[in-house]
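# Notes for the structure review
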Amino acid sequence: MPTDVHQHLWPPGFLALLRARTTPPRLDGWTLHLPGEAPYEVDPADHDLAARVRLARADGLDLALVSLSSPLGIEYLPPAEAAPLLTAFHDGALDLPAPFGVWASPCLSAPEPDPAALRHELARGCAGLQLPATALLDAAGWARCAPLLDVAAALDKPLFVHPGAAPAAPEGTPAWWPALVPYLQQMHASWFAFRAFGRPRHPDLRVCFAALAGLAPLHGERLTARGGGRDRGRVDCDAFYETSSYGTRAVDAMVRAVGIDVVVSGSDRPYAAPVIPDLGADAAVHALRTANPARLLGPTKGARS
């Protein structure tokens, strides 16, 4: 079942709530305002359901997983503000036609995470739990999110780690800066924190890092040199890496570092177009698009009709 594990598509009810807001994150028509980024002009076609279904079919997908845009910062809004947005997102995304599925996103601003709310969304059909990398940057973050991770592991659902909100950039910073600097720094840090703190606490949890984990696994030689990589030759078969915004050279380097069995296809559409890397064999493409996503998501997961 060819799969894209990382797309974004905002349901109508979610769009309406973003437009009703007077403070970021908010939409003014189709202009997106975020605290840490320049205003962004959203293309209405990016969230046109019929157009996106056609694109998914043209890409040959049987499953495309829709992700809450964590850089919006919705998970960290006060609970009274976050709750209706999260409900609108989950309700709308779960109603999307095939081939779309959805990751479940929790509110992270409450004093304690709410495992029952996550269990409810997973029971309704969400493919797994999504957390922003900003929630998982250190031991404290992994410990605070442990009740949510325990629910995912108990229900045999994976975790998807996605870049979170970017800090405010100085005036004159290029528009591409958030995607290339803070987003990747977050992914890099969350991967090392996972190695140090997440995996020991959650030995059976399947985890997928967006954007090839900021290429963090390529630092294996330095990790060994600095005393943290004694198990460098051991591949964590339950830690996956999705390919959005990267091409053949980066994917090939990751395959050399972690093996092809844990690399999965993701596009980040509509912010980037899907790329099928040239790894020299049809079997490699099958692994990235079909076999590996199936292992990430589990044997019972498929597109809803």
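In the block above lies the structure referred to throughout.
Throughout what follows, the structure given in this document is the object of discussion. (Residues numbered from 1 in each chain as written. Predicted model: local features only at pLDDT ≥ 70, side-chain atom pairs only at ≥ 80, totals over all residues. Heavy atoms only, no water.)

### Looking at the packing of aromatic side chains
What counts here: Two rings from Phe, Tyr or Trp (for Trp, the six-membered ring) form a pair when their centres are within 6.5 Å of each other. A pair whose planes differ by under 30 degrees is stacked, one over 60 is edge-to-face, and the rest are tilted. Note on geometry: a ring has a charge over it if NZ (lysine) or CZ (arginine) is within 6 Å of the ring centre and within 35 degrees of the ring normal.
Throughout the structure, instances matching the rule amount to nine aromatic pairs. Every member of this aromatic cluster is reached through a ring pair, and the members are Trp142, Phe194, Phe209 and Tyr241. Its end group placed over the ring of Trp30, Arg19 keeps NZ or CZ at 4.4 Å from the ring centre.

### Points about empty space enclosed by the protein
To be explicit about the condition: Put plainly, a pocket is an open set of points on a 1 Å grid over the protein atoms alone with protein on both sides within 12 Å along at least five of seven lines, a cavity is a set where a 1.4 Å probe fits but cannot get out, and a lining residue has an atom within 4 Å of a point. Grid points are joined across faces, edges and corners, and a volume is the space filled by probe spheres set on the points. All amino acids are sorted into three groups, where Ala, Val, Leu, Ile, Met, Phe, Trp, Tyr, Cys and Pro are nonpolar, Asp, Glu, Lys and Arg are charged, and the leftover types, Gly among them, are polar.
A complete count under the given rule lists two cavities of 30 Å³ or more for this structure. If you trace the second largest cavity, you find it lined by Ser265, Val275, Ile276, Pro277, Val285, Leu288 and Arg289. Looking at the lining of the second largest cavity residue by residue, the classes come out as five nonpolar, one polar and one charged.

### Details of the sheet that holds strand 8 (residues 159–162)
Rules: For two strands to be treated as a pair, DSSP must find no fewer than two bridges joining them. In this text, helices come from DSSP runs of H or I with a minimum length of four residues, and strands from runs of E with a minimum of two, each type numbered from the N-terminal end. Every residue pair with non-hydrogen atoms within 4.5 Å of one another is taken to be in contact. In this description, a line fitted to the C-alpha atoms serves as the axis of each element, helices being fitted only across the stretch in contact, and the angle between N-to-C directions of two axes falls anywhere from 0 to 180 degrees.
With respect to topology, five strands assemble into an open sheet ordered 7-8-9-10-11, the strand pairing being parallel. Bordering the open sheet on either side are strand 7 (129–132) and strand 11 (263–264), each of which pairs with just one other strand. When strand 10 (residues 239–242) meets strand 11, the two strands line up parallel, connected through two bridges. Bridge pairing in strand 11 places Glu242 opposite Val264. Along the sheet face, helix 6 (residues 146–154) touches strand 7 and strand 8 and points at about 155 degrees away from the line of strand 7.

### Points about the sheet that holds strand 1 (residues 3–7)
Picture the strands of a sheet paired through backbone hydrogen bonds; they go either parallel or antiparallel. Pairing is parallel across the open sheet formed by three strands, whose spatial order is 1-5-6. Looking at which strands have only one partner, the edges of the open sheet turn out to be strand 1 and strand 6 (100–102). Taking each pair of neighbouring strands and ignoring which way they run, the sheet shows an average axis angle of 25 degrees. Strand direction decides the pairing type here: strand 1 and strand 5 (residues 63–66), joined by three bridges, are parallel. In the strand pairing of strand 5, Gln7 is matched with Val66.

### Re the packing of helix 4 (residues 115–123) against helix 6
The condition that has to hold: In these notes the angle categories are as follows: under 35 degrees is roughly parallel, over 145 is roughly antiparallel, 65 to 115 is roughly perpendicular, and the rest is oblique. Crossing handedness is defined as follows: a turn of the near helix away from the far one that is anticlockwise and smaller than a right angle gives a left-handed crossing, while the clockwise case is right-handed.
At a closest axis distance of 9 Å, the pairing of helix 4 and helix 6 adopts a crossing angle of 30 degrees. In terms of their interaxial angle, helix 4 and helix 6 are classed as roughly parallel. For helix 4 against helix 6, the interelement crossing comes out right-handed. Across the interface between the two elements, Pro115, Leu118, Arg119 and Leu122 from helix 4 touch Pro147, Leu148, Val151 and Ala152 from helix 6. Considering only residue class, the contact of helix 4 with helix 6 consists of seven nonpolar, no polar and one charged.

### Examining the packing of helix 1 (residues 12–20) against helix 3 (residues 79–94)
Orientation of helix 1 relative to helix 3, taken along the N-to-C sense of each, is 155 degrees, at an axis distance of 7 Å. Taken as axis vectors, helix 1 and helix 3 run roughly antiparallel relative to one another. In this structure, helix 1 contributes Gly13, Phe14, Leu17 and Leu18 to the contact, and helix 3 contributes Pro84, Leu85, Ala88 and Phe89. Grouping the amino acids of the contact of helix 1 with helix 3 by side-chain chemistry returns seven nonpolar, one polar and no charged.

### Digging into the pattern of salt bridges
Counted only if it meets this: Whenever Lys or Arg places a side-chain nitrogen within 4 Å of a carboxyl oxygen from Asp or Glu, that contact is recorded as a salt bridge.
In this structure the tally under the stated criterion is eight salt bridges. Measuring nitrogen to oxygen at the nearest pair gives 2.8 Å for the salt bridge that ties Asp236 to Arg199. Residue Asp236 is found in the loop between helix 9 (220–225) and strand 10, and its partner Arg199 is found in helix 8 (residues 182–201); the two are separated by 37 residues along the sequence. One salt bridge connects Asp252 with Arg256, and the closest N-O pair in it is separated by 2.8 Å. Here Asp252 and its partner Arg256 are both found in helix 10 (residues 248–258), four residues apart, which amounts to about one turn of the helix. Among the ionic contacts, a cluster of salt bridges with common partners joins Asp91, Glu121 and Arg124.

### Thoughts on the nonpolar core
How we decide: Definition used in this section: a nonpolar core is a set of buried Ala, Val, Leu, Ile, Met, Phe, Trp, Tyr and Cys residues joined via side-chain atoms within 4.5 Å. Throughout, exposure labels follow a simple rule: accessible area from a 1.4 Å probe, protein chains only, divided by the maximum for the residue type, with under 20% read as buried, over 50% as exposed, and the rest as partly exposed.
Trp10, Phe14, Leu131, Leu159, Phe209 and Tyr241 are the most contacted members of the largest nonpolar core, which totals 81 residues. By residue number, the principal contributor to this core is helix 3, which donates seven residues. Excluding residues that lie within four positions of it along the chain, Phe14 makes contacts with Leu68, Leu72, Ile74, Leu85, Ala88 and Phe89.

### A word on the layout of surface pockets
Each pocket or cavity is described by its volume, and for the largest pocket that value is around 840 Å³. Lining the largest pocket we find 35 residues, and of these Glu37, Ala175, Pro178, Ala179 and Tyr183 sit closest to its centre. Where the lining of the largest pocket is concerned, the elements lending two or more residues are strand 3 (31–34), strand 4 (37–41), helix 7 (177–180) and helix 8. Of the residues forming the lining of the largest pocket, the biggest block, four residues, is contributed by strand 4. Partitioning the lining of the largest pocket into residue classes produces 25 nonpolar, eight polar and two charged.

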